[in-house]
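Descriptive structure summary
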Amino acid sequence: MLWLEVIVVLAAIFFGARLGSIGIGYAGGLGVLVLTLGLGLKLGSIPIDVILIIMSVIAAIGAMQVAGGLDYMVSIAEKILRKNPKQITILAPIVTYVMTFFAGTGHTAFSTLPVIAEVAKEQGIRPSRPLSIAVVASQVAITASPISAAVVFLSGVMEKQGIGYLELLAILIPSSFLACMCAAVVANFLGKDLKDDEIYQDRLAKGLIKTRGNAKLEIKPGAKLSVAIFLISIIAVVIYATLISDKVGVIKNPVLPRNEAIMLFMFAAATFISFFTKIETAQVLNSATFKSGMSACICVLGVAWLGDTFVANHIKEIKAFAGDLLNVYPWLLAVVLFCASTLLYSQAATAKALIPSALLLGVSPLTVVASFAAVSALFVLPTYPTLIAAVEMDDTGSTRIGKYVFNHPFVIPGVIAIALSVLFAFAIGGMIL
């Protein structure tokens, strides 16, 4: 029966991956149905807090996008990239990392990818170099963002282990950022130069290479204000979460718990953005970030529910099999998280499904925190939305998926970024904790 249940879980994940996008959430729900009604397992927990945080953050970002805030951020990013075009491979991941860090979602990278591809092409730099590490940085930054659902979930779990919110961020932010920068240096040497790339030369000869030029975005009047309101709300979240943490404890017995506070701060930000920038709130429902965020909620619901249902019913067997192994080789947790996230397509879903189990198995808090960056291996299968977008936006053909599926330009920078992030987090965490 156990092996049959494993087959059901894996089949649901693979089937969902084939459906793509929101389909993995659908298939996850189907898997839960088969495990419970079909095989008699007890129903696992629904990741309600994670889903609600994603919804509230995306609601605020959607309002900011309608107000023109994302366009304003992209215009700043374009100025930075065009001012230092020769350093595009180093600057591109900084831009996508920072945007994801503040927004709590990697989907903000969509708006910067065309600029990155264009600037690289204009400079004769192979676009796959900056595009690959930019996409990876936008995924890894999720594990450092103070308002991402994955980090909020981890902070709630680790607070019970004696690790405060600020301590967590103090480990995750520098380790992930430094790792991305190191990976960017490596990415700068990957692949042939454009002048030596046969596919690029062929496309150039056929007239398939086009340049966009320095097109200027039209910035709406309320764009800057919307960004300011959103950033203030993030600062307010960090301050409040710190004040109510056990480590600081300035506010005793808070009326508003941390997760609920994040949701309400985000709703407040969305309200102020809508009111002061005079946007039509109905347009938020049609914004690209809102749609992608709601898709993420379905994915997390189905996949995390599936994982929790299986794990909760077999925690004793999992402890017996993996407990001693993880205690002897704690770094294996990072490998497990890495492999799981390639299939679950969500940092939050992966964290929700596996990290509580790791702690029950006796894995040390430092190991859990240090391994956390490994939940960002969404780049391995070439089907993630931002990865696909990067391929489509590079008309030079340098950012392409190989015939063996896994031989694409995102793998090497991604593996390096995650491996170094885990190593740096162990080092930094060892000094802080």
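The shown structure was predicted, so the numbers you read here are calculated from the model rather than taken from an experiment.

1. Some remarks on the environment of Lys316
One can find Lys316 in helix 14 (residues 315-328). Overall, Lys316 belongs to the exposed group, its relative accessible area being 70%. Separated by 193 residues in sequence, Lys316 and Gln123 have C-alpha atoms that sit 57 Å apart.

2. Points about a nonpolar patch on the surface
A grouping of Phe15, Leu19, Leu30, Leu33, Val34 and Leu37 is seen on the molecular surface, where their side chains present a nonpolar patch of about 590 Å² in accessible area. Taken together, the elements giving at least two residues each to the nonpolar patch come down to helix 1 (2-19) and helix 2 (23-38). With respect to the element layout, Leu33 can be found in helix 2.

3. Digging into the packing of aromatic side chains
On inspection of all chains with the given rule, the structure shows eight aromatic pairs. Judged by centre distance (6.0 Å) and plane angle (65°), the rings of Tyr240 and Phe265 are edge-to-face. Within this pair, whereas Tyr240 is found in helix 11 (residues 223-243), its partner Phe265 is found in helix 12 (residues 258-276), the two being separated by 25 residues in sequence. Ring pairing ties together the aromatic residues Tyr97, Phe101, Phe102 and Phe177, which thus form one cluster.

4. Things to note about the confidence of the model for the chain
Detailed reading of predicted coordinates is not advised where the pLDDT is low. Overall, the predicted model of the chain reaches an average pLDDT of 85, with 94% of residues at or above 70. Of all the helices and strands in the chain, helix 14 carries the lowest mean pLDDT, 70, while helix 19 (residues 411-432) carries the highest, 95.

5. Section: the side chain of Ser341
Relative to the assigned elements, Ser341 resides in helix 15 (residues 332-344). The exposure class assigned to Ser341 is buried, which follows from its relative accessible area of 0%. Those residues in contact with Ser341, other than ones at most four positions away along the chain, are Ser346, Thr350, Ala374, Val375, Ser376, Ala377 and Leu378.

6. Structural notes on the environment of Val363
In this fold, Val363 is placed in the loop between helix 16 (347-360) and helix 17 (365-371). For the pair Val363 and Tyr329, spaced 34 residues apart in sequence, the C-alpha separation works out to 9.8 Å. In contact with Val363, other than residues within four places in its own chain, are Leu326, Asn327, Leu333, Ala358 and Val368.

7. Focus on the packing of helix 13 (residues 288-313) against helix 16
At a closest axis distance of 8 Å, the pairing of helix 13 and helix 16 adopts a crossing angle of 20°. With respect to their mutual orientation, helix 13 and helix 16 come out roughly parallel. Considering only the axes of helix 13 and helix 16, their crossing is right-handed. Residues Val300, Val303, Ala304, Gly307 and Val311 of helix 13 form the contact with helix 16, whose own contacting residues are Ala349, Lys352, Ala353 and Ser357. A breakdown of the residues in the contact of helix 13 with helix 16 according to their chemical character gives six nonpolar, two polar and one charged.

8. Re the pattern of salt bridges
All told, the structure shown has six salt bridges when counted by the stated rule. The shortest N-O distance in the salt bridge between Asp193 and Arg129 comes to 3.0 Å. Placement of Asp193 in the loop between helix 9 (165-187) and helix 10 (198-205) and of Arg129 in helix 7 (residues 128-140) is noted, with a sequence separation of 64 residues between them. For Asp193, a relative accessible area of 35% translates into the label partly exposed. Several salt bridges share partner residues, and in doing so they unite Glu78, Arg82 and Glu122 into one network.

9. Examining helix 8 (residues 149-159)
Burial runs high along helix 8: ten of the eleven residues are buried. The complete set of buried residues in helix 8 reads Ala149, Ala150, Val151, Val152, Phe153, Leu154, Ser155, Gly156, Val157 and Met158. Buried residues belonging to helix 8 abut helix 3 (48-66), helix 9, helix 12, helix 16 and helix 17.

10. Some points on the nonpolar core
In terms of nonpolar packing, the biggest core is built from 134 residues, with Ile355, Phe372 and Phe379 touching the most fellow members. Counting residues per element, this core draws most heavily on helix 3, at eleven residues. Residues in contact with Phe379, not counting those within four places in the same chain, are Val136, Gln139, Phe338, Leu387, His408, Phe410, Val411, Gly414, Val415 and Ile418.

11. Digging into the packing of helix 3 against helix 11
It is at 8 Å that the axes of helix 3 and helix 11 come closest, and there the two elements cross at 160°. Judged by the inter-axis angle, helix 3 sits roughly antiparallel to helix 11. Read as a crossing pair, helix 3 and helix 11 show a hand that is left-handed. Note on element contacts: helix 11 touches helix 3 through Ser226, Val227 and Phe230, opposite Ala60, Ile61 and Met64. Grouping the constituent residues of the contact of helix 3 with helix 11 by class yields five nonpolar, one polar and no charged.

12. What about helix 6 (residues 113-122)?
Side chains of residues three or four places apart in an α-helix project in the same direction, reflecting 3.6 residues per turn. Burial runs high along helix 6: eight of the ten residues are buried. Buried within helix 6 we find Leu113, Val115, Ile116, Ala117, Glu118, Val119, Ala120 and Lys121. Of the surrounding elements, those touching the buried residues of helix 6 are helix 4 (69-83), helix 5 (88-103), helix 7 and helix 18 (385-393). A positive phi of about 75° marks Gly124, the residue just after helix 6.

13. Quick notes on the environment of Thr112
In this fold, Thr112 is placed in the loop between helix 5 and helix 6. Sequence separation of Thr112 and Glu78 is 34 residues, and the distance between their C-alpha atoms is 7.8 Å. Discounting residues that sit within four places of it in the chain, Thr112 has contacts with Val74, Ala77, Val95, Thr96 and Met99.

14. A look at unusual backbone geometry
At Lys278, a residue that is not glycine, the phi angle is positive and equals roughly 55°. Along the chain, the position of Lys278 falls in the loop between helix 12 and helix 13. Judged by relative accessible area, which is 72%, Lys278 ranks as exposed.

Conventions we followed
Residues numbered from 1 in each chain as written. Predicted model: local features only at pLDDT ≥ 70, side-chain atom pairs only at ≥ 80, totals over all residues. Heavy atoms only, no water. Helix = DSSP H or I, 4+ residues; strand = E, 2+ residues; numbered from the N terminus. Buried < 20%, exposed > 50% of the residue type's maximum accessible area, 1.4 Å probe, protein only. Patch = residues over 30% accessible without salt bridge, like charges linked within 9 Å, V, L, I, M, F, W, Y side chains within 5 Å. Areas by Shrake-Rupley, 256 points an atom, 1.4 Å probe, with all protein chains shown as cover. Salt bridge = Lys/Arg side-chain N within 4 Å of Asp/Glu carboxyl O. Phe/Tyr/Trp six-rings, centres within 6.5 Å; stacked < 30°, edge-to-face > 60°. pLDDT = per-residue confidence, 0-100. Contact = heavy atoms within 4.5 Å. Axes fitted to C-alpha atoms, helices over the stretch in contact; angles between N-to-C directions. Parallel < 35°, antiparallel > 145°, perpendicular 65-115°, else oblique. Left-handed = near helix turned anticlockwise from the far one by under 90°. Nonpolar A, V, L, I, M, F, W, Y, C, P; charged D, E, K, R; others polar. Core = buried A, V, L, I, M, F, W, Y, C linked by side-chain atoms within 4.5 Å.

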